[in-house]
Amino acid sequence: MKYLFVHQNFPAQFVHLVRALTVQGGNEIVFISESGRLQIPGVRRVSYRMPQPARVDAPAPVDELARGMQRAAAVARAARTLRDLGYVPDIIIGHHGWGEMLDLPDVYPDVPILGYYEFFYRPTGLDVGFDPEFAPPATVAPLIRARNTLNLLALAGSGWGHTPTHFQRDTYPDWARDRLTLIPEGVDLEKCVPDPHARTQSFTLGNIHVRPGEKLVTYVARDLEPYRGFHVFMRALPRILEHRPEARVIVVGGDGVSYGARAPGGMTWRAHMMAEVGRTLDMERVHFAGRVDYGSFCRLLQRSDAHVYLTYPFVVSWSLREAMACGCAIVGSRTAPVEEFLHDGVTARLVPFLEPQRIADGVVELLEDRRLARRLRASVREHAVATLDMRTYLDRYHRLIGQLVACGGRPALCDVA
């Protein structure tokens, strides 16, 4: 088959599917993107270049819409070049979040489109206003509703959609959910696997060294920011370090902002939180590792004695799935996206997101109660094997693709669910 993938950053959420298609053989794969440094043999990447942002004297969501329309036009130009060179895909697969695929039906009117639907914004009840420390202004609701414009334009099209969790699907309006197939994303259960000997050996990450017998607390996020609970985790650290004087803490993540606002005064959130709690921390035992390569990330999870994962009611990170697969003893936030994956006392210890003391108590409990930690590690690994298997994920993906191609992009003509 011939595939056309679209995402501004190659290969993004489609990395596992693309690799599987190359291994399968007999497929032609073209990926349109703005950026991406990863090389995947057998995949032809076509870059598009964005023009300067359109000047719009209007609220921010209107700027986002204008930028989305610019992306749609840029991707369509790249697709027309492909079409003129004779490339007509059997299916187009991409992410709808940035508007990139909106104009593709004009280029390939008879090709089915399968879109990744990640999140539908709401002015209340989800991430906006969840954290009272960062209460939004009273005028934010119209702006949040307007932010869904690209989502709504995509849903108004003729394509089909998929999403990875019940939580994410349920953010969408009732009338849209029947057009979204749930495909839970998988994990490589052979790379992300427990190492029963990890805690009996010395562990090194860059210039950070952890000796056997030392307790290791881990926290991972793409960027260290409030959406992933970095601020409340930092406030939990003094209590953790006080109760467990032999414990070390390794924090992985960059200093950018993936979600939400920047810290006050142009500071990074790490600098902002260090200004608040840094004087109460033993920095001989707290280590900021920045971003790390995937192999080091997996080894860190295998060595962890207590892994902390916190998030607003928002899209859950891949790192949670990988921590589950590595058999981490997890302290997670009692928020809806996490509760879809973990159950308190069964596969993790779940604690209130906004209460640093409860987070600290959860970590200390897992560091002190070896029997509980051992049981949770075994249980969460078993749950990951049962629910996050990569082969099952890819089989569901392939089945949905086959159904859409058989329907000629018209799901009403066949049984697509």
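Residues numbered from 1 in each chain as written. Predicted model: local features only at pLDDT ≥ 70, side-chain atom pairs only at ≥ 80, totals over all residues. Heavy atoms only, no water.

Q: Can you break down the side chain of Thr-165 residue by residue, with the values?
A: Within the secondary structure, Thr-165 sits in the loop between β6 (160-163) and α6 (166-170). Since its relative accessible area comes to 2%, Thr-165 is described here as buried. A distance of 2.9 Å separates the side chain of Thr-165 from the side chain of Gln-168, its partner in a polar contact. What Thr-165 contacts, discounting residues up to four positions off in sequence, is Leu-182, Arg-321, Glu-340 and Phe-341. (Helix = DSSP H or I, 4+ residues; strand = E, 2+ residues; numbered from the N terminus. Buried < 20%, exposed > 50% of the residue type's maximum accessible area, 1.4 Å probe, protein only. Polar contact = N/O pair within 3.5 Å; in protein donor to acceptor, adjacent residues only side chain to side chain. Contact = heavy atoms within 4.5 Å.)

Q: How would you sum up the sheet that holds strand β10 (residues 216-223)? Please name residues and give values.
A: Note: strands within a sheet are paired through backbone hydrogen bonds, in either parallel or antiparallel orientation. With parallel pairing, the six strands of this open sheet are ordered in space as β12-β11-β10-β13-β14-β15. The sheet is open, and its two edges are formed by β12 (286-290) and β15 (349-351), each paired on a single side. Averaged over all adjacent pairs, the angle separating strand axes in this sheet is 20 degrees, with direction ignored. Pairing of strand β13 (residues 306-309) with strand β14 (residues 330-333), which is carried by three bridges, proceeds in the parallel orientation. Within β14, the position partnered with His-307 by the bridge is Ile-330. Contacts from helix α8 (residues 230-243) reach β10, β11 (248-254), β12 and β13, with the element oriented near 170 degrees to β11. Across the sheet, helix α10 (residues 294-303) touches β10, β11 and β13, and the angle it forms with β10 is around 145 degrees. (Pairing = 2+ DSSP bridges. Axes fitted to C-alpha atoms, helices over the stretch in contact; angles between N-to-C directions.)

Q: Go over the packing of aromatic side chains with me, naming the residues and quoting the values.
A: When we look at a pair of aromatic rings, we describe it by the centre distance and by the angle of the planes. What the rule picks out here adds up to 22 aromatic pairs. Ring centres of Tyr-219 and Phe-233 lie 4.7 Å apart, and the angle between their planes is 15 degrees; this geometry places the pair in the stacked category. One end of the pair, Tyr-219, is in strand β10; the other, Phe-233, is in helix α8, and 14 residues separate them in sequence. In this arrangement the basic side chain of Arg-44 is found over the ring face of Tyr-87, its NZ or CZ atom lying 5.8 Å from the centre. The ring of Tyr-121 carries the charged tip of Arg-147 above its face, separated from the ring centre by 5.7 Å. (Phe/Tyr/Trp six-rings, centres within 6.5 Å; stacked < 30°, edge-to-face > 60°. Lys NZ or Arg CZ within 6 Å of the ring centre and 35° of its normal.)

Q: Explain the sheet that holds strand β2 (residues 28-33) to me, using residue names and the numbers behind them.
A: Strand order in the open sheet formed by seven strands is β3-β2-β1-β4-β5-β6-β7, with parallel pairing between adjacent strands. Unpaired on one side and paired on the other, β3 (43-47) and β7 (180-182) mark the two borders of the sheet. Ignoring strand direction, the axes of neighbouring strands in this sheet form an average angle of 25 degrees. Both strand β4 (residues 91-95) and strand β5 (residues 113-116) contribute to a ladder of four bridges, which runs parallel. The partner of His-95 across the bridge, within β5, is Tyr-116. Set on the sheet, helix α2 (residues 60-84) makes contact with β1 (2-6), β2 and β3; between it and β2 the angle comes to about 150 degrees.

Q: Give me the pattern of salt bridges: which residues, what numbers.
A: Oppositely charged side chains may form a pair once their charged atoms are brought near each other. Tallied over the entire structure, the rule returns 21 salt bridges. Among the ionic pairs, Glu-276 bridges to Arg-235, the shortest N-O distance being 2.8 Å. Note that Glu-276 is positioned in helix α9 (residues 269-277) and Arg-235 in helix α8, a separation of 41 residues in sequence. Salt bridges sharing common partners tie together Glu-133, Arg-235 and Glu-276. (Salt bridge = Lys/Arg side-chain N within 4 Å of Asp/Glu carboxyl O.)

Q: Can you explain the environment of Met-234? Please cite residues and give values.
A: With respect to the secondary-structure elements, Met-234 resides in helix α8. C-alpha separation for the pair Met-234 and Glu-340, spaced 106 residues apart in sequence, amounts to 25 Å. The residues contacting Met-234, other than those within four sequence positions of it, are Met-273, Met-274, Val-277, Leu-281 and Phe-288.

Q: Mind laying out the layout of surface pockets, listing which residues take part and the relevant values?
A: The computed volume of the second largest pocket comes to approximately 320 Å³. Taken together, 14 residues line the second largest pocket, and the ones lying closest to its centre are Arg-199, Lys-215, Asp-305, Arg-370 and Arg-377. Only α13 (356-368) and α14 (370-387) provide two or more residues apiece to the lining of the second largest pocket. Broken down by element, the lining of the second largest pocket gets its largest block of residues, four residues, from α14. Looking at the lining of the second largest pocket residue by residue, the class counts come to four nonpolar, two polar and eight charged. (1 Å grid on protein atoms, 1.4 Å probe; cavity = no way out; pocket = protein on both sides within 12 Å on 5 of 7 lines; lining within 4 Å. Points joined across faces, edges and corners; volume = space filled by probe spheres on them. Nonpolar A, V, L, I, M, F, W, Y, C, P; charged D, E, K, R; others polar.)

Q: I'd like a rundown of the pairing of β14, residues and numbers included.
A: Burial of β14 is two-sided: the residues Ile-330 and Gly-332 facing one way and the residues Val-331 and Ser-333 facing the other way are all buried. Chirality of the crossover, the property in question, places the unit of β13, helix α11 (residues 318-325) and β14 among those that are right-handed. In the sheet, β14 pairs with β15 via three bridges, with the strands oriented parallel. Note that in β15 the partner of Val-331 across the bridge is Arg-349. (Right-handed = clockwise from strand over helix to strand, strands pointing away.)

Q: So what's going on with the pairing of β10? Residues and values would help.
A: Both faces of the sheet carry side chains from a regular strand, because those side chains alternate between them. Counting buried positions along β10 gives seven out of eight residues, so the element sits mostly inside the fold. Pairing geometry for β10 and β11, over six bridges, is parallel. Residue pairing across strands places Tyr-219 opposite Val-251, the latter belonging to β11. Handedness of the crossover joining β10 and β11 through α8: right-handed. Relative to β13, β10 runs parallel, the two sharing three bridges. Bridge assignment links Val-217 to a residue of β13, and that residue is Ala-306.

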